[in-house]
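Residue-level structural notes
Spelled out, the chains give:
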Protein chains: 2
Amino acid sequence: MTSVNSGMTAGVDVGGTKIQTVVLHDNKVVGSSRVLTPSTGKPGDVINAIVQTIGASLEQASADESALAAVGVGIPGEIDAGAGAVSLAANVPGFMDRVLLGPFVSEQLGGVKVTIDNDVRVGVLGEFRAGAGRSYKNLLGVWVGTGVGGGLVLDGKLHDGQGAAGEIGHTVVNPRGLKCSCGRRGHLEAYAGRAQMELRARRLVSRGQTTSLLKIMKRRGRTRLTSGTYARAIATGDPMAMKLIREAAWALGIAIASAQNLLDLEAIIVGGGLGDRLGQPFIDRIVKEMTPYLFVPDRPPAVLRTELGDLSGAVGAAMLVGGYPSALPV
Amino acid sequence: MTSVNSGMTAGVDVGGTKIQTVVLHDNKVVGSSRVLTPSTGKPGDVINAIVQTIGASLEQASADESALAAVGVGIPGEIDAGAGAVSLAANVPGFMDRVLLGPFVSEQLGGVKVTIDNDVRVGVLGEFRAGAGRSYKNLLGVWVGTGVGGGLVLDGKLHDGQGAAGEIGHTVVNPRGLKCSCGRRGHLEAYAGRAQMELRARRLVSRGQTTSLLKIMKRRGRTRLTSGTYARAIATGDPMAMKLIREAAWALGIAIASAQNLLDLEAIIVGGGLGDRLGQPFIDRIVKEMTPYLFVPDRPPAVLRTELGDLSGAVGAAMLVGGYPSALPV
């Protein structure tokens with residue numbers, strides 16, 4: 001584990017709805033802060049919010065910027081770690097085009113080193129280093145949210161292949177099945193990603209099927225079927241919600257079994273909005289679906305919930321090491 | 001690459017029908033020898049045959065046992081590398097029970113260090129170090145034979161997880177599909193392993209379908225549908241053979257796409273009896289089936305035939321390093 005003896009490190013998890021920051025000292029959370037993600041569409045406002053949450057977290061730890069040794073930021077989208085840049089972060093207002101996030105955050109914090117990485121990868125890193133995965137060296141994190149992301153730890157290191165390893169969401173679970181958000185057929189994400197699940201729900205409703213999902217969504221002032229919406233609908237026994245979640249667990253079980261048979265892992269950690277919100281009953285169902293497909297059933301992987309919950313990303317980001325070229329482009 | 005400057009290394013590939021040995025010097029093949037696997041059912045006869053092929057290979061290289069620095073042996077079955085033992089090698093007569101192969105070979109060769117490993121893993125190692133994979137650091141070897149085995153090279157090293165990594169044959173390609181030799185449903189090996197393909201062929205024939213497969217098999221004095229039998233039947237346009245091979249390529253394409261999407265590899269090497277015998281047209285068909293399922297289609301993996309062919313295993317075995325406890329158990 002990375003040990004920071006002098007100074008503190010801040011970790012920031014930038015999502016479509018909120019920005020969560022923690023400050024670590026000796027690998028312990030000594031401060032944290034959370035704000036809603038600015039929806040102005042200006043990248044500068046998001047960067048200011050990041051800097052403010054770092055300041056607030058430091059204050060909670062009775063420290064200031066001078067105590068900051070390094071900053072890590074997790075954000076969805078395509079990461080250019082060398083340049084500290086992110087692009088195609090469709091859910092973060094203003095981050096569709098390329099933004100030099102690392103350099104800009106660094107500039108506002110007196111030149112401190114800033115490392116950025118993908119939100120799912122930092123979430124898995126957080127659980128691996130400080131959460132449910134800390135006693136394992138080979139694990140797969142499966143983050144079930146709007147899409148299904150993943151992160152692979154092999155021999156104690158985050159494995160990124162040529163940059164895109166860990167994408168368990170694009171495992172083929174049913175070759176002639178539903179269409180995935182990436183356009184291909186039968187991938188896991190077509191069954192277990194919230195965006196594709198919502199498309200299915202709306203299609204079923206337009207064909208005359210009934211569900212409390214959309215009513216619960218509207219009552220809570222949401223425009224999307226969130227993980228909480230599913231949890232509430234399932235609690236009332238809504239058949240469509242139960243069917244969608246059952247099929248998500250089925251697809252997750254198959255994809256995880258294939259990954260397990262190929263990689264012989266010690267543990268699978270199921271996180272993300274849907275994973276965290278639906279909790280142990282969801283995990284149990286995934287295990288039930290996975291088991292019949294395991295090649296070595298007498299040595300199944302431990303299938304675990306996250307321990308850090310919605311702090312996984314921020315804690316993992318604080319544990320990033322590295323940096324970007326220090327010279328700011330003009 | 002392991003460089004042996006002083007002395008030679010021998011590599012032995014022990015299969016159900018033949019034992020292939022090579023001797024390497026400075027990573028070049030300087031001698032080779034092949035015999036039929038003794039079918040007496042006595043492990044000692046197989047061990048004698050191994051030692052004889054090593055002697056014959058050394059003789060070809062104008063050398064003798066004194067030049068031998070190390071020996072590697074690849075063999076199917078369950079490997080206990082530490083003890084140099086193998087068990088459950090069902091295809092090798094006399095090797096169903098545990099055999100202390102490493103120590104016995106070593107004893108007959110004046111105590112030279114002997115390392116053993118799984119036949120598929122050494123085949124993939126051979127191609128990775130000295131064959132089609134030598135310019136890559138992240139690759140998957142898919143060995144299509146009686147079953148479908150595999151070997152995974154990540155960051156330039158053979159990755160074995162908890163001992164069973166690389167088993168691409170047990171990827172789920174069709175959750176409600178055919179039964180695999182391992183008992184589970186819809187695995188790749190159920191479609192692309194020769195043993196399961198033969199069961200299907202015989203079942204179809206017993207239901208009244210016709211094929212030249214069994215006739216070709218009998219004419220050539222075989223009792224099993226070998227890779228050569230399929231190649232000959234396809235050359236005559238036999239519909240059942242073509243259907244079985246088409247479905248094998250379909251299943252391989254899906255399993256390889258899922259592995260690629262998860263691991264972001266540079267190359268896939270397709271070997272084994274069926275892979276080597278059916279050659280480029282088979283590879284082309286696998287690529288055609290794989291492509292529609294790729295998550296990053298503009299950066300597909302190179303899908304390659306083996307370069308060393310049926311020498312992959314022996315060359316890879318010669319490149320094994322390690323050993324077993326030197327004291328022979330009483």
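This one's a predicted model, so the numbers in the text were calculated from it and none came from an experiment.

The domains assigned to chain A are domain 1 (8-119 + 312-318) and domain 2 (132-306). For domain 1 of chain A and domain 2 of chain A, the distance between their C-alpha centroids amounts to 27 Å.

A few words now on the packing of helix 1 (residues 43-60) of chain B against helix 2 (residues 101-108) of chain B. Residues and elements named next belong to chain B. Viewed as axis vectors pointing N to C, helix 1 and helix 2 meet at an angle of 50°, and their least axial separation amounts to 10 Å. Classified by the angle between their axes, helix 1 and helix 2 sit oblique to one another. Note on packing geometry: the crossing formed by helix 1 with helix 2 is right-handed. Residue-level inspection shows I47, I50 and V51 of helix 1 in contact with helix 2, the latter providing L101, F104, V105 and Q108. Looking at the contact of helix 1 with helix 2 residue by residue, the classes come out as six nonpolar, one polar and no charged.

Looking now at the nonpolar core. One finds A:V73, A:L101, A:I268, B:V73 and B:L101 to be the most contacted residues of the largest nonpolar core, which totals 210 residues. Each residue touching B:V73, except ones within four places of it in the same chain, is listed here: B:V12, B:V14, B:I50, B:L101, B:V105, B:V114, B:I116 and B:A317.

This paragraph deals with the interface of chain A and chain B. Contacts between the two partners involve 33 residues from chain A and, on the opposite side, 33 residues from chain B. Residue contributions to the side of chain A that touches chain B peak at seven residues, all from helix 8 (residues 239-263) of chain A. Across the side of chain A that touches chain B, the residue classes tally to 18 nonpolar, 11 polar and four charged.

Let us look at the relation of the copies chain A and chain B. Superposing chain A onto chain B requires a rotation of 180° together with a translation of 0.0 Å along the rotation axis, leaving an RMSD of 0.0 Å. Viewed as a symmetry operation, the transformation between the two copies matches a two-fold axis. Proximity to the rotation axis, assessed at the C-alpha, singles out A:N174 in chain A; its C-alpha lies 3.0 Å from the axis. Both copies share a contact surface, since 100% of the interface residues of chain A are interface residues in chain B too.

Now for the environment of B:T211. All names here are of chain B. Following the sequence through the fold, T211 ends up in the loop between helix 5 (194-206) and helix 6 (213-219). The class for T211 is buried, based on 20 C-beta atoms found within 10 Å. In this structure the C-alpha to C-alpha distance between T211 and A241, which are 30 residues apart in sequence, comes to 7.4 Å. Sequence-distant contacts of T211, that is, excluding residues within four places in its chain, are made with A201, V205, D238, M240 and A241.

All names here are of chain A. Residues at a pLDDT of 70 or more form 95% of chain A, whose mean pLDDT is 93. Note that pLDDT drops below 50 for residues 1-5; the model gives that stretch seven contacts with residues more than four away or on any other chain. Contacts for the low-pLDDT stretch residues 323-330, under 50 throughout, to residues beyond four places or in other chains number 12 contacts.

Moving on, we come to the sheet that holds strand 9 (residues 148-154) of chain A. Residues and elements named next belong to chain A. Strand order in the open sheet formed by five strands is 10-9-8-11-12, and the pairing between neighbours is mixed. The sheet terminates laterally at strand 10 (157-159) and strand 12 (302-305), the two strands that pair on one side only. Strand-to-strand twist in this sheet, taken as the mean axis angle between neighbours without regard to direction, amounts to 25°. Each of strand 8 (139-144), strand 11 (267-271) and strand 12 is contacted by helix 9 (residues 272-290), which is oriented at about 145° to strand 12, the strand it contacts most.

All names here are of chain B. When the terminal C-alpha atoms of helix 1 are compared, their 26 Å separation across 18 residues agrees well with the 26 Å that a helix rising 1.5 Å per residue should span. For helix 1, the elements touching its buried residues are strand 1 (8-14), strand 2 (18-25), strand 3 (28-36), strand 4 (68-75) and helix 2. In the segment just after helix 1, S62 is the residue with positive phi, at about 55°.

Scoring rules and cut-offs
- Residues numbered from 1 in each chain as written.
- Chains lettered and ligands numbered in written order.
- Predicted model: local features only at pLDDT ≥ 70, side-chain atom pairs only at ≥ 80, totals over all residues.
- Domains from an automatic or database assignment.
- Axes fitted to C-alpha atoms, helices over the stretch in contact; angles between N-to-C directions.
- Helix = DSSP H or I, 4+ residues; strand = E, 2+ residues; numbered from the N terminus.
- Parallel < 35°, antiparallel > 145°, perpendicular 65-115°, else oblique.
- Left-handed = near helix turned anticlockwise from the far one by under 90°.
- Contact = placed C-beta atoms within 7 Å.
- Nonpolar A, V, L, I, M, F, W, Y, C, P; charged D, E, K, R; others polar.
- Core = buried A, V, L, I, M, F, W, Y, C linked by C-beta atoms within 7 Å.
- Buried ≥ 20, exposed ≤ 12 C-beta atoms within 10 Å, placed from the backbone.
- Least-squares fit on C-alpha atoms with pLDDT ≥ 70 in both.
- pLDDT = per-residue confidence, 0-100.
- Pairing = 2+ DSSP bridges.
- Expected span 1.5 Å × (residues − 1).

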